[in-house]
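Chain residues, written in single-letter form:
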Amino acid sequence: MTAQSTQTTQATPPTHTTPPTLLHLDASARRRSFSREAGDAVAAAWRASHPGGIHVHRDLARTPVPQIGEAWTELCDHVLEHEITDPARYREAVRTPAQEAAWAVVEPLLAELLAADVVLIATPMYNYSVPASLKAWIDQVTFPRMSLAGRRFVVAYARGGAYGPGTPRHPYDHQERYLRDFFAGHFAVPEQDMTFLGTELANTLTDPALAGRRGAHDASRAAALEAARTTGASL
């Protein structure tokens, strides 16, 4: 399904009278990537478990979201100053042509997010963090004191090296750590409503210095795909 949404934005999760909805975001610059592979496995298992569900897919790498501009900051300032916490009222912040243009970018992205029961983010690690394409989306849909509690967030990630707990590079992981902190700190999503799964050591396929760890990469990939299928079926 293409990335479209006509549902009215709302502060609370969708009701059970509406079909369950999965918002699926891809951020990898590669057409064939391990994050896309794991994300697709989650989505396929979710669709199999929800034959009447709505799968909204947005490819942030192929169709980039614009960076925020000054007019967007003015919308946020108005929302904060007037203590607007209901997303259905964000439109009230639009007062100038520039703000109207900024809102035209925000509105469809925000509507997709608010309509979702599950938000699936498939992302690689670039330079210790998330791609600029994903960060641009996050910036566009995020407003002051905005809660997304009640929704499930699943992150299917890929990394060139090993960044898990206990590894030498764990302190440099600003991918999973950033997303966990952001979901909890800004969107008020509790830890139990977040799932992270992914493939590590992808660079063993191209970096001669890591060739000896190819087996660890293969095991990580297999475990990620199994976790993806199990997670998707359980959502």
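A quick note: this is a predicted structure, and the numbers were derived from the prediction, not measured. (Residues numbered from 1 in each chain as written. Predicted model: local features only at pLDDT ≥ 70, side-chain atom pairs only at ≥ 80, totals over all residues. Heavy atoms only, no water.)

## Regarding unusual backbone geometry
Stage number 1. A positive phi angle is found at Glu83, which is not glycine, with a value near 55°.
Stage number 2. Mapped onto the elements, Glu83 comes out in the loop between α2 (70-81) and α3 (97-115).
Stage number 3. One non-glycine residue, Tyr128, lies in positive phi territory at about 75°.
Stage number 4. In this structure, Tyr128 sits in the loop between β3 (118-124) and α4 (132-141). (Helix = DSSP H or I, 4+ residues; strand = E, 2+ residues; numbered from the N terminus.)

## Brief notes about helix α6 (residues 214-234)
Stage number 1. With 21 residues, α6 ought to run about 30 Å at 1.5 Å a step, and its terminal C-alpha atoms sit 30 Å apart, in line with that.
Stage number 2. Buried residues along α6 sit in contact with α1 (34-49), β4 (152-158) and β5 (194-199). (Expected span 1.5 Å × (residues − 1). Contact = heavy atoms within 4.5 Å.)

## Things to note about the pattern of salt bridges
Stage number 1. Under the criterion given, the structure shown has 15 salt bridges.
Stage number 2. A salt bridge links Glu37 to Arg221; its shortest N-O distance comes to 2.6 Å. Of the two residues, Glu37 is situated in helix α1 and Arg221 in helix α6; the sequence distance between them amounts to 184 residues.
Stage number 3. Glu37 gets classed as partly exposed once you look at its relative accessible area, which sits at 23%.
Stage number 4. Taking relative accessible area as the criterion, Arg221 reaches 32% and is therefore assigned partly exposed.
Stage number 5. Residues Glu176 and Arg180 are paired through a salt bridge, measuring 2.8 Å at the closest nitrogen-oxygen approach. One end of the pair, Glu176, and the other, Arg180, are both in helix α5 (residues 176-185), four residues apart, so they sit about a helical turn from each other.
Stage number 6. For Glu176, a relative accessible area of 16% puts it in the buried group.
Stage number 7. Look at the salt bridges and you will find they share partners, linking Arg159, Asp173, Glu176, Arg180, Glu191 and Glu200 into a network. (Salt bridge = Lys/Arg side-chain N within 4 Å of Asp/Glu carboxyl O. Buried < 20%, exposed > 50% of the residue type's maximum accessible area, 1.4 Å probe, protein only.)

## Some words on α1
Stage number 1. Counted at 1.5 Å a residue, the expected span for α1 with its 16 residues is 22 Å, and the 23 Å between its end C-alpha atoms agrees.
Stage number 2. Taken together, the buried positions of α1 are occupied by Phe34, Ser35, Arg36, Ala38, Gly39, Ala41, Val42, Ala43, Ala45 and Trp46.

## Here's the deal with the nonpolar core
Stage number 1. Grouped together as the largest cluster of nonpolar side chains are 43 residues, with contacts concentrated most on Trp137, Phe143, Met146 and Phe183.
Stage number 2. Elements with a minimum of two residues in this core: β1 (21-26), α2, α3, β3, α4, β4, α5 and β5.
Stage number 3. The contacts of Trp137, once residues within four sequence positions are left out, are Leu23, Leu25, Arg58, Leu60, Val65, Leu109 and Leu113.
Stage number 4. Grouped together as the second largest cluster of nonpolar side chains are 15 residues, Ala41, Val118, Ala156 and Leu235 included. (Core = buried A, V, L, I, M, F, W, Y, C linked by side-chain atoms within 4.5 Å.)

## Remarks on the packing of aromatic side chains
Stage number 1. Scanning all chains against the criterion turns up eight aromatic pairs.
Stage number 2. Considering the side-chain rings of Phe153 and Phe183, the 4.6 Å spacing of their centres and the 40° angle between planes classify their relative orientation as tilted. On the criterion of sequence distance, the pair formed by Phe153 in strand β4 and Phe183 in helix α5 is long-range, its members being 30 residues apart.
Stage number 3. For Phe153, a relative accessible area of 1% translates into the label buried.
Stage number 4. A centroid spacing of 5.0 Å and a plane angle of 75° characterise the contact between Phe182 and Phe187, whose relative ring orientation is edge-to-face.
Stage number 5. Here Phe182 falls in the buried class, since its relative accessible area comes to 15%. (Phe/Tyr/Trp six-rings, centres within 6.5 Å; stacked < 30°, edge-to-face > 60°.)

## Remarks on the sheet that holds strand β2 (residues 54-59)
Stage number 1. Reading across from one edge, β2-β1-β3-β4-β5 is the order of the five strands in this open sheet, with parallel pairing throughout. Two strands lie at the open edges of the sheet, namely β2 and β5, each paired on one side alone. Within the sheet, the average angular offset between the axes of one strand and its neighbour, ignoring direction, is 15°.
Stage number 2. Both β3 and β4 contribute to a ladder of seven bridges, which runs parallel. Residue pairing in the sheet places Leu120 in a bridge with Val154 of β4.
Stage number 3. α6 rests against β4 and β5 of the sheet, and its axis sits at about 145° to β5. (Pairing = 2+ DSSP bridges. Axes fitted to C-alpha atoms, helices over the stretch in contact; angles between N-to-C directions.)

## With respect to the packing of α1 against α6
For any two helices packed against each other, one specifies the inter-axial angle together with the distance between the axes.
Stage number 1. At a closest axis distance of 7 Å, the pairing of α1 and α6 adopts a crossing angle of 25°. The orientation of α1 relative to α6 falls into the category roughly parallel. Relative to α6, the crossing made by α1 is right-handed. Here Phe34, Glu37, Ala38, Ala41, Val42, Ala45, Trp46 and Ser49 of α1 lie close against α6, whose contacting residues are His217, Arg221, Leu225, Ala228, Arg229, Gly232 and Ala233.
Stage number 2. For the contact of α1 with α6, the per-class residue count stands at nine nonpolar, three polar and three charged. (Parallel < 35°, antiparallel > 145°, perpendicular 65-115°, else oblique. Left-handed = near helix turned anticlockwise from the far one by under 90°. Nonpolar A, V, L, I, M, F, W, Y, C, P; charged D, E, K, R; others polar.)

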